[in-house]
Amino acid sequence: MTTLKHKVLNYYKQQTEDRIDAFRDMIAELTIDSANDAKGSAGDKHETALSMMHLEQEKLNYKLGEFITQKGILDKINPDAKTTKVAVGSLVKANAMYLFVSAALPKITVEGINIIALSPQSPLGTKLIGMEKGFEFEISGTKYLIEEIH
């Protein structure tokens with residue numbers, strides 16, 4: 001049986017894999033461009049262009065690393081794990097919204113339900129970890145009640 005948690009996890013995994021592929025493609029293109037540029041140019045303009053390409057490549061490599069880290073977190077989550085306390089991988093319903101404790105990822109909609117993925121290190125994530133159904137807490141003046149933990 002595919003649960004909402006399975007669907008959310010699979011969606012986020014696919015999203016991060018797609019981004020990893022896109023960043024790898026961009027890095028490969030820059031590598032080819034810089035190699036081609038190196039063959040045909042000389043002078044200050046060439047050096048500036050090459051430096052700009054290297055800076056861009058460093059930025060892309062950094063972002064790629066972030067997505068690989070996020071995918072690593074997602075890969076460790078067992079969607080079939082049952083727990084009474086919020087942990088990494090929990091899908092938590094609080095105040096009629098769903099929070100997926102995993103990594104800071106974009107908000108998504110699955111089966112018409114909005115899902116917010118958050119890092120366990122985020123302010124909300126740190127409050128949630130270890131809490132049980134029925135627990136109430138407050139962040140920035142907003143009161144939350146944990147209604148369900150999946």
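This text follows the structure it describes.
Residues numbered from 1 in each chain as written. Predicted model: local features only at pLDDT ≥ 70, side-chain atom pairs only at ≥ 80, totals over all residues. Heavy atoms only, no water.

**Q** When you look at the pattern of salt bridges in this model, what are you seeing that I'm missing?
**A** In a structure, side chains of opposite charge can pair up when their charged atoms sit close to one another. Within the structure shown, the criterion is met by 9 salt bridges. Between Asp 75 and Lys 71 there is a salt bridge whose closest N-O contact spans 2.8 Å. Taken together, the residues Asp 75 and Lys 71, both in helix α2 (residues 44-75) and 4 residues apart, mark about one turn of the helix. Between Glu 138 and Lys 143 there is a salt bridge, with its nearest N and O atoms 3.6 Å apart. Take Glu 138: its relative accessible area is 42%, and that puts it in the partly exposed class. What emerges from the salt-bridge pattern is a single network uniting Lys 13, Glu 17, Lys 71 and Asp 75. (Salt bridge = Lys/Arg side-chain N within 4 Å of Asp/Glu carboxyl O. Helix = DSSP H or I, 4+ residues; strand = E, 2+ residues; numbered from the N terminus. Buried < 20%, exposed > 50% of the residue type's maximum accessible area, 1.4 Å probe, protein only.)

**Q** I tried to follow the packing of aromatic side chains on my own but got confused; where do I start?
**A** The relation between two aromatic rings is expressed through the spacing of the ring centres and the mutual angle of the planes. Summed over all chains, the structure comprises 5 aromatic pairs. Ring geometry for Tyr 12 versus Phe 100: centroids 6.0 Å apart, planes at 5°, classification stacked. Linking Tyr 12 in helix α1 (residues 4-40) with Phe 100 in strand β2 (residues 97-101), this pair joins segments that are 88 residues apart in sequence. Each member of the pair, Tyr 12 as well as Phe 100, is classed as buried. Judged by centre distance (5.4 Å) and plane angle (35°), the ring pair of Phe 23 and Phe 67 falls under tilted. Residue Phe 23 is located in helix α1, and its partner Phe 67 is located in helix α2; the two are separated by 44 residues in the primary sequence. Classification of Phe 67 as buried rests on a relative accessible area of 9%. Joined through ring pairs, the aromatic side chains of Tyr 11, Tyr 12 and Phe 100 make up one cluster. (Phe/Tyr/Trp six-rings, centres within 6.5 Å; stacked < 30°, edge-to-face > 60°.)

**Q** Just to check I follow, could you spell out unusual backbone geometry for this structure?
**A** Glycine aside, a negative phi is what most residues show, and trans is what most peptide bonds show. Its identity as a non-glycine residue notwithstanding, Asn 95 has a phi of 50°, on the positive side. Checked against the element boundaries, Asn 95 lands in the loop between β1 (91-94) and β2. Owing to a relative accessible area of 32%, Asn 95 belongs among the partly exposed residues under this scheme. The phi dihedral of Ala 96 is positive, around 65°, even though this residue is not glycine. Relative to the assigned elements, Ala 96 resides in the loop between β1 and β2. Accessibility expressed as a relative area gives 61% for Ala 96, which makes it exposed.

**Q** Is there a simple way to explain the nonpolar core in this structure?
**A** What tends to happen in soluble globular proteins is that the nonpolar side chains get buried as a cluster. Core analysis: the largest hydrophobic core is formed by 15 residues, its most contacted members being Val 8, Tyr 12, Leu 74, Phe 100 and Ile 115. Elements with a contribution of two residues or more to this core: α1, β2, β3 (105-110) and β4 (113-118). Dropping the residues within four chain positions of it, Leu 74 is found in contact with Leu 9, Tyr 12, Lys 13, Thr 16, Phe 100, Ser 102 and Leu 105. In terms of nonpolar packing, the next biggest core, distinct from the first, is built from 13 residues, Ala 94, Leu 99, Phe 137 and Ile 146 among them. (Core = buried A, V, L, I, M, F, W, Y, C linked by side-chain atoms within 4.5 Å. Contact = heavy atoms within 4.5 Å.)

**Q** Help me out: how do you make sense of the sheet that holds strand β6 (residues 142-149) in this one?
**A** Sheet strands associate in pairs through backbone hydrogen bonding, adopting either a parallel or an antiparallel arrangement. What the 6 strands build is an open sheet, ordered β3-β4-β2-β1-β6-β5; its pairing is mixed. The outermost strands of the open sheet, each flanked by one partner alone, are β3 and β5 (136-139). The mean inter-strand angle of the sheet, taken between neighbouring strand axes irrespective of direction, is 35°. Taken together, the 4 bridges between β2 and β4 define a ladder with parallel strand orientation. Each residue of the ladder has a partner; that of Phe 100, found in β4, is Ala 117. (Pairing = 2+ DSSP bridges. Axes fitted to C-alpha atoms, helices over the stretch in contact; angles between N-to-C directions.)

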